[in-house]
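As a plain string of letters, each chain reads:
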Amino acid sequence: MKIDLNRGWSFIKTCSEAFISGAELEGISEVELPHTVSVTPFDYFDESEYQMISCYRRKLNVPAEWIGKRIFLCIGAAAHFAEVFLNGEKLSEHRSGYTAFKTELTERLRAGENLLAIRVDSRETLDQPPFGFVIDYMTYGGLYREAWLEVREKTFIEDVFVKPEGSGHISAEVTVSGPADGMTLRHTVLDGERVIAQKECGVNNAPEFRAEGITKWSLDEPKLYTFRTELRSGSETVDVFETRIGFRDASFLEDGFYLNGERILIRGLNRHQSYPFVGYAMPANVQRFDADILKNELGCNAVRTSHYPQSQAFIDRCDELGLLVFTEIPGWQHIGGEDWKQQALENVREMILQYRNHPSIVLWGVRINESNDDDALYEQTNELAHRLDPTRQTGGVRCIKKSNLLEDVYTYNDFVHEGGNKGCEPKKNVTSDVKKPYLVTEYCGHMFPTKTFDCEEHRLEHALRHANVLDSVAGTEGLAGSFGWCMFDYNTHMDFGSGDRVCYHGVLDMFRNKKLAAEVYASQQDERPVLELSSLMDIGEHPAANRGKVFAFTNADAVRLYKNGSFIAEFPKSHTPYKNLAHPPIDIDDFIGDAIEKNEPFKPKQAAYVKDLINYSSRFGFSHLRPKHYLKAAWLMLRYRMSFQDAYALYGKYNSNWGDAATTYRIEAVKDGKTVGVIEKGPAKAVQLTAEASADTLSDGASYDAALVRIALRDQYGSVLPFANEAVSLETEGPIALIGPKLAMLRGGLGGTFVKTVGAAGKAALKLRLENGTGAEARIEFNVTADRPAEQ
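Since the model is a prediction, treat every value here as computed from it, not as a measurement. (Residues numbered from 1 in each chain as written. Predicted model: local features only at pLDDT ≥ 70, side-chain atom pairs only at ≥ 80, totals over all residues. Heavy atoms only, no water.)

(A) Structural view of the overall build of the protein chain. On a plain count of helices and strands, the protein chain comes out with 12 helices and 46 strands. Relative to its length of 792 residues, the protein chain is compact, with a C-alpha radius of gyration of 30 Å against a globular reference of 28 Å. The dimensions of the protein chain, computed from C-alpha atoms along their principal axes, are 100 × 60 × 50 Å. Here the contacts in the protein chain between residues at least 6 apart in sequence split such that 69% fall between residues at least 24 apart. (Helix = DSSP H or I, 4+ residues; strand = E, 2+ residues; numbered from the N terminus. Rg over C-alpha atoms; globule rule 2.2 N^0.38 Å. Contact = heavy atoms within 4.5 Å.)

(B) Layout of the pairing of strand 2 (residues 9–12). Burial along strand 2 is two-sided: Trp9 and Phe11 facing one way and Ser10 and Ile12 facing the other are all buried. By the bridge criterion, 3 bridges tie strand 2 to strand 3 (residues 29–31) in an arrangement that is antiparallel. Across the sheet, the residue bridging to Trp9 is Val31, located in strand 3. Pairing of strand 2 with strand 4 (residues 53–62) involves 3 bridges; the strand directions are antiparallel. Looking at strand 4, one finds that Ile12 is bridged to Cys55. (Buried < 20%, exposed > 50% of the residue type's maximum accessible area, 1.4 Å probe, protein only. Pairing = 2+ DSSP bridges.)

(C) Fine view of the pattern of salt bridges. All chains considered together, the criterion is met by 60 salt bridges. Here Lys767 and Glu731 are joined by a salt bridge, their closest N and O atoms 3.7 Å apart. With Lys767 in strand 45 (residues 762–770) and Glu731 in strand 41 (residues 727–733), this pair connects stretches of sequence that are 36 residues apart. Among the residues examined, Lys767 registers a relative accessible area of 29% and is labelled partly exposed. (Salt bridge = Lys/Arg side-chain N within 4 Å of Asp/Glu carboxyl O.)

(D) The nonpolar core, seen in detail. Within the largest apolar cluster, 125 residues are counted, with the highest numbers of intra-cluster contacts made by Tyr56, Leu73, Ile118, Leu149, Leu294, Leu298 and Tyr521. If near-sequence neighbours (up to four positions away) are discounted, Leu73 is found in contact with Leu5, Val84, Phe101, Lys102, Thr103, Leu105, Leu116, Ile118, Trp148 and Leu149. Core analysis: the second largest hydrophobic core is formed by 24 residues, Ala724, Val728, Val755 and Ala764 among them. (Core = buried A, V, L, I, M, F, W, Y, C linked by side-chain atoms within 4.5 Å.)

(E) Structural detail: the sheet that holds strand 17 (residues 236–245). Pairing is antiparallel across the open sheet formed by 4 strands, whose spatial order is 14-13-16-17. Lying at the two open borders of the sheet, with one neighbouring strand each, are strand 14 (194–202) and strand 17. Taking each pair of neighbouring strands and ignoring which way they run, the sheet shows an average axis angle of 20°. Pairing geometry for strand 16 (residues 225–233) and strand 17, over 9 bridges, is antiparallel. Bridge pairing links Arg232 to Thr237 in strand 17. (Axes fitted to C-alpha atoms, helices over the stretch in contact; angles between N-to-C directions.)

(F) Spotlight on unusual backbone geometry. Between Leu33 and the following residue, Pro34, the backbone shows a cis peptide bond with an omega angle of 0°. Here the amide bond leading from Ala79 into His80 is cis, since omega sits at 10°, within 30 degrees of zero. For His80, the position within the fold is in the loop between strand 5 (70–75) and strand 6 (81–86). One non-glycine residue, Tyr140, lies in the positive phi region at around 55°. Although it is not a glycine, Gln333 sits at a positive phi angle of roughly 75°. Here Gln333 is to be found in the loop between strand 23 (324–328) and helix 4 (338–355). The class for Gln333 is partly exposed, based on a relative accessible area of 32%.

(G) Main features of a negative patch on the surface. A surface patch of negative charge is lined by Asp220, Glu221, Glu262, Asp526 and Glu527. Residue position: Glu262 is located in strand 20 (residues 262–264). (Patch = residues over 30% accessible without salt bridge, like charges linked within 9 Å, V, L, I, M, F, W, Y side chains within 5 Å. Areas by Shrake-Rupley, 256 points an atom, 1.4 Å probe, with all protein chains shown as cover. Lys, Arg positive; Asp, Glu negative; His and termini not counted. Charge placed at Lys NZ, Arg CZ, Asp CG, Glu CD.)

(H) Spatial organisation of the state of the cysteines. Here the structure, examined in full by the defined rule, presents 0 disulfides. Cys55 takes part in no disulfide bond, and the closest cysteine sulfur to it belongs to Cys15, at a distance of 3.2 Å. Classification of Cys55 by relative accessible area gives buried; the value is 0%. Looking at the unpaired Cys399, the closest cysteine sulfur is the one in Cys503, lying at 16 Å. For Cys399, a relative accessible area of 35% translates into the label partly exposed. (Disulfide = S-S within 2.5 Å.)

(I) How the structure looks around the side chain of His542. Within the secondary structure, His542 is located in the loop between strand 31 (531–533) and strand 32 (551–554). Exposure remark for His542: the relative accessible area of 5% places this residue in the buried category. Among the polar contacts listed, one links the side chain of His542 to the side chain of Glu456, at a separation of 3.0 Å. Not counting residues up to four positions away in its chain, the partners in contact with His542 are Glu456, Glu457, Ser535 and Arg547. (Polar contact = N/O pair within 3.5 Å; in protein donor to acceptor, adjacent residues only side chain to side chain.)

(J) Quick peek at the packing of helix 2 (residues 284–297) against helix 3 (residues 312–321). Contact geometry for helix 2 and helix 3: axes closest at 8 Å, N-to-C directions at 40°. For helix 2 against helix 3, the interelement crossing comes out right-handed. On helix 3, the residues that touch Ala284, Gln287, Arg288, Asp290, Ala291, Asp292, Leu294, Lys295 and Asn296 of helix 2 are Ala313, Phe314, Asp316, Arg317, Cys318, Glu320 and Leu321. Grouping the constituent residues of the contact of helix 2 with helix 3 by class yields 7 nonpolar, 2 polar and 7 charged. (Left-handed = near helix turned anticlockwise from the far one by under 90°. Nonpolar A, V, L, I, M, F, W, Y, C, P; charged D, E, K, R; others polar.)

(K) Molecular detail of the packing of aromatic side chains. The final tally for this structure, using the stated rule, is 23 aromatic pairs. The interplanar angle of 80° and the centroid separation of 5.3 Å between the aromatic rings of Trp332 and Phe496 together place this pair among those described as edge-to-face. Taken together, the positions of Trp332 in the loop between strand 23 and helix 4 and Phe496 in the loop between strand 29 (490–491) and strand 30 (502–503) put the pair 164 residues apart, joining distant regions of the chain. Here Phe496 falls in the partly exposed class, since its relative accessible area comes to 21%. Lying over the aromatic face of Trp148, Lys2 brings its terminal NZ or CZ to 5.0 Å of the ring centre. Lying over the aromatic face of Tyr504, Lys451 brings its terminal NZ or CZ to 4.9 Å of the ring centre. (Phe/Tyr/Trp six-rings, centres within 6.5 Å; stacked < 30°, edge-to-face > 60°. Lys NZ or Arg CZ within 6 Å of the ring centre and 35° of its normal.)

Right under this line is the structure:
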């Protein structure tokens, strides 16, 4: 029996024996889990905000019928060193902020009222991973995941590790705790309520059997089944253990990654588990939504949980969506002493035991991220990983070439790309064994930090760098794929970031709003049409009123360009510098340049035309034209025997110049001859405030529920206004409350907030108002249900 323990906690920022013993003190607040020890600003704060030894306590009422059973306290995560007390007596401790742990309370519980307390040390001076040197991310503090009790019989199923294969073959390892003489196990595979396979065996026997007619777990059809194990004594069921499984075969080979025998190029992003204001402390549905963003909005097929194991709710959603996962132990470059290393080994053990039934996980990271070689340590981490889970391979993320390769896959952070050079290193330049699999685990990121409010050229360069690497990865032999750095911006220490304690390394901002680079990833999938233009087409944003390159990011076959309603040209996806991407950015800088490439080369007499054009351009006030513009207009004059005025008029259909009247552009995405998407760009004449929630139905149940609200200021065409840095006031109605301040700041026209349930049901709403005098408003309505289970 599981009993949730997320409510009824008292919290104090300075722990003391008096608080643990139940004394009433100043500074105590009532909190719910998930909880952070300190609500932080959006930026310009440091780790001192959360570095403390805090404490949580709650009463625990034990009914008489529990006496004689085994009772366990389970904590989803406590950042970062936790000590558990019951009725003033210390029972256990746990030294990792990223994995769950349980404490048996059985012998110390008494019928009636008990006092449970947990002291949490979130200081970064702890002698355990990831601490010991600088870290490029905030580590926060608190009981930031859920907590619960397990009430078990004297004999119970402690764990079941299921090993399903794509063929339908199943084997399992079952751990039974307590006396089990004469007992048996019944294993059942269910599709919903339908039994598709069953096997009975003794408690000490490892079952092996086959499920017929199964659907394999895949990226496009991530079919999940329930594996139920019953502990039986005669005809009586003593205990039941259930877990979800997926039938699939996953392997990294010399030439790439294979899922169910099909070679798949991994295209993923790195994810931290942090959020503005509350750090790691977000309930399940918001955690799950990040997986939806990765798969459905960004078109990724994989995620790396950098640099630690993350919420089970997030991994559950990866299972459901068909999103591959590379998860790893906590750490960042530093390797400590012997006690520190022993904790790293314990982190490997906990990570694998807690996550190994997830079909989405295809690789274990058993090396401290970007650490130096330590063969003695990493021989142990690899041996332990293979012993606990012989079905999966190991990797170890490094930033050094030709490192000692003790893992199954050489996983490497490749930051060679600087904008104008190759996108990635060839395999032979990096790995110490070219016969083993190779995977790029980071790129871009700190090489070109980008804010939502940077200039248009900067935002485009950021997007093209991601495209450059993805294109290079797709064309590199023997490469399993890559994970870009990173999914979204995040708070960090003073040693990193842009001085405001923010690393602007994401393709999304901290509220999961898209930067232009996000469209590079989104356009690589085929589930839904994608169309975005790299420019708002405002020439005054650019030096000398020259837009430079303009790209369309789309998964269509071509784009059509219209100016002021007049058709200009159609640009196929072959009109691109990229050779390997399935859906490359399409260059629509000009249509004449493409025509030049497809016709006869220039002839010497063109020089005379260019000279005449220079004279004409001075007479007509077009002296800002660049030499390539002269050449293109000259080609028109030569090819079609046009006058300068006619050539310039045609050329100017696309190239709006300083002094011309403002223009509007229409871009259509065309696939299989049909228009599948349309966007328009032109001068902003109206602003509209928009807000979108991750969910409009919230359920207050085992814990509070929450929703992410993404806010944007847009023009009449729906384009984000990238230089709008305005304030938006927030007001709630009904049974919800804000997480964070009552004023949301737009940065680059984008921002966000969170709302959460407060224990009651009913209709609720979030009202937003732009505080710049325009009176622009938005409103989101929520339906809130409340079914809080009884707690002890």
